[in-house]
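Read off the chains here:
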Number of protein chains: 2
Amino acid sequence: MKRITWLSLVSGLTLAGLAAYLAPASGQAATAPSLLKTIPAGYRDWRFISIAREEAPLDDIRVILGNDAALRAYRKGTLPFPEGTMIARLAYSYDASPENNQAFGRSQSYVAGQPKNGVQFMVKDSKKYAATGGWGYAQFNDGKPVDEPMLATCFPCHQAVQARDFVFTRYAQ
Amino acid sequence: MKRITWLSLVSGLTLAGLAAYLAPASGQAATAPSLLKTIPAGYRDWRFISIAREEAPLDDIRVILGNDAALRAYRKGTLPFPEGTMIARLAYSYDASPENNQAFGRSQSYVAGQPKNGVQFMVKDSKKYAATGGWGYAQFNDGKPVDEPMLATCFPCHQAVQARDFVFTRYAQ
C-alpha cells in the first residue's frame, strides 16, 4: 500500500515503469534519488498550481503547490524547470459534506478532510539528482521521510512525461 | 443556471434561503451586497485554504485561496475574520486524465481543466457590507462582475454558517 501511495505528483507507477526499475537496462533508472531528510520549509505557503481527485485505491483530493521558481516557470512555460524549483503535493481524504449538501439542497459536495497519503515533493537540482532527471523525490508521512526503496519507484513513472521535464501536473489558469 | 452557479464558496443557496431573500421578514436579508467592480489584485497568488469537488449541476473541482489576513485568521482560529480578509473560490472543469490513468494503470484520475463557474470572492468590510454580515460577495465571469440581483442570493445561504462568520470552507491542514 505504501508503494501505491507514492504513485504520484498526480502521477503513477506503471507496471512497465516498475519493471524498468527492477530490471534496468542501463542501471541509471535504478539509482534511487537522494532523500530529502527534512520537509522543505514553508511549503504550506507555496502558491497554487492545480488540483486533482484520485479515486480508490488512493481515494483522495489533492492540491499541487509550487515555490516562486515553480510558479514563474509554469507561467512562462519555461522548460526545463530552473534549479531550485520545488513542487509539493498535499492530499486529503475525500469527504462528503452534509453541511454543504444541505445548503445546496442535494448531495453533490465533497471537501478535503484529514491529510492522507503523505506529502510529496519534487526538488530540482540537476547535479545532485542527475541520475533521476534532475529531480529529487520525497514523501513525508506524518512528518517522517519514507524509505529510499519506495522513492526509487518515482522516477521510472515520471519518465512518461519527460517532455514536460518529468512533471505531470499542468498549471490551472 | 447563472443563479445556480453562484451557489458557493463551497456553499449553496437553499430553497429556504431563497425564500428568505425573496420575502424577508426584516428587509435586511434582501439588501444586495455592494459589488466589487474589479477583481481583487493578485488573487491567483493567494495561499491555499482548501479544495472541494461539486458534482452536477455545478460539476467542477475547486480551490479556495485566501489573502494574508485570511490565512492568519484561519490558522489562529480567529472569529470573526478581521477587516480586509479576502477569500477566493476558483473552479475548473472536472476532467478525466488519460495521461494519469495510463501512469496509474487504471481509470482513477481527474484533474482541473478549464476555468468554470466564474471566480468568486468574499471580502470583509464590516462597515461597507454591514447589511450582509460584514462580507461583500462578488463573482466574475470572464473577468466581468455579475449582476447585483444574482449576488443578492449569496448572503441568505451563507447565514447557515453564521457561527463561523458566514464562511463555509474549513482550513485544510
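See the structure shown above.
Residues numbered from 1 in each chain as written. Chains lettered and ligands numbered in written order. Predicted model: local features only at pLDDT ≥ 70, side-chain atom pairs only at ≥ 80, totals over all residues.

Participant: So what's going on with the overall build of chain A? Which residues, and what values?
Facilitator: Each helix and strand counted, chain A has 6 helices and 6 strands in total. Starting at the N terminus, the α and β elements of chain A follow one another as α-α-β-β-α-β-α-β-β-β-α-α. Of all 173 residues assigned to chain A, the portion counted as buried reaches 45%. A fraction of 60% describes how many contacts in chain A between residues 6 or more apart in sequence connect residues 24 or more apart. (Helix = DSSP H or I, 4+ residues; strand = E, 2+ residues; numbered from the N terminus. Buried ≥ 20, exposed ≤ 12 C-beta atoms within 10 Å, placed from the backbone. Contact = placed C-beta atoms within 7 Å.)

Participant: Please give an account of helix H3 (residues 68-76) of chain B that cites residues and values.
Facilitator: In an α-helix, one turn spans 3.6 residues; hence positions three or four apart end up facing the same way. Residues and elements named next belong to chain B. Within H3, burial applies to Ala-70, Leu-71, Ala-73 and Tyr-74. Axial view of H3: buried residues confined to an arc of 165°, hence all on one face. More than 90 degrees from the buried face of H3, the exposed residues found are Arg-75 and Lys-76. Among the structural elements, strand S1 (47-54), strand S2 (60-66) and strand S3 (86-96) are those in contact with the buried residues of H3. (Arc of directions from axis to C-beta.)

Participant: Run through the interface of chain B and chain A, naming residues and quoting values.
Facilitator: Taken residue by residue, the interface counts 35 residues in chain B and 35 residues in chain A. In terms of residue count, S1(B) provides more of the side of chain B that touches chain A than any other element does, 7 residues in total. Split by residue class, the side of chain B that touches chain A holds 21 nonpolar, 9 polar and 5 charged. (Nonpolar A, V, L, I, M, F, W, Y, C, P; charged D, E, K, R; others polar.)

Participant: With reference to specific residues and values, describe unusual backbone geometry.
Facilitator: Note that the residue after A:Leu79, namely A:Pro80, is joined by a cis bond; omega there is -5°. Looking at where A:Pro80 falls in the secondary structure, it is placed in the loop between helix H3 (68-76) and strand S3 (86-96). Note the cis peptide between B:Ala56 and B:Pro57, where omega equals 10°. The phi dihedral of A:Asn117 falls on the positive side, at around 65°, and the residue is not glycine. Note on placement: A:Asn117 falls in strand S4 (residues 109-124). For A:Asn117, a count of 25 C-beta atoms within 10 Å gives the class buried. Despite not being glycine, B:Phe166 shows a phi value in the positive range, around 70°. Tracing the sequence through the fold places B:Phe166 in the segment after helix H6 (154-158). Classification of B:Phe166 by C-beta neighbours within 10 Å gives buried; the count is 24.

Participant: Give a detailed account of the environment of A:Tyr92, specifying residues and quantitative values.
Facilitator: Here A:Tyr92 lies in strand S3. Along the chain, A:Tyr92 and A:Arg53 lie 39 residues apart, while their C-alpha atoms are 9.7 Å from each other. Not counting residues within four places of it along the chain, the set of residues in contact with A:Tyr92 comprises A:Asp60, A:Ile61, A:Ala112, A:Gly113, A:Gln114, A:Pro115, A:Lys116 and B:Ala172.

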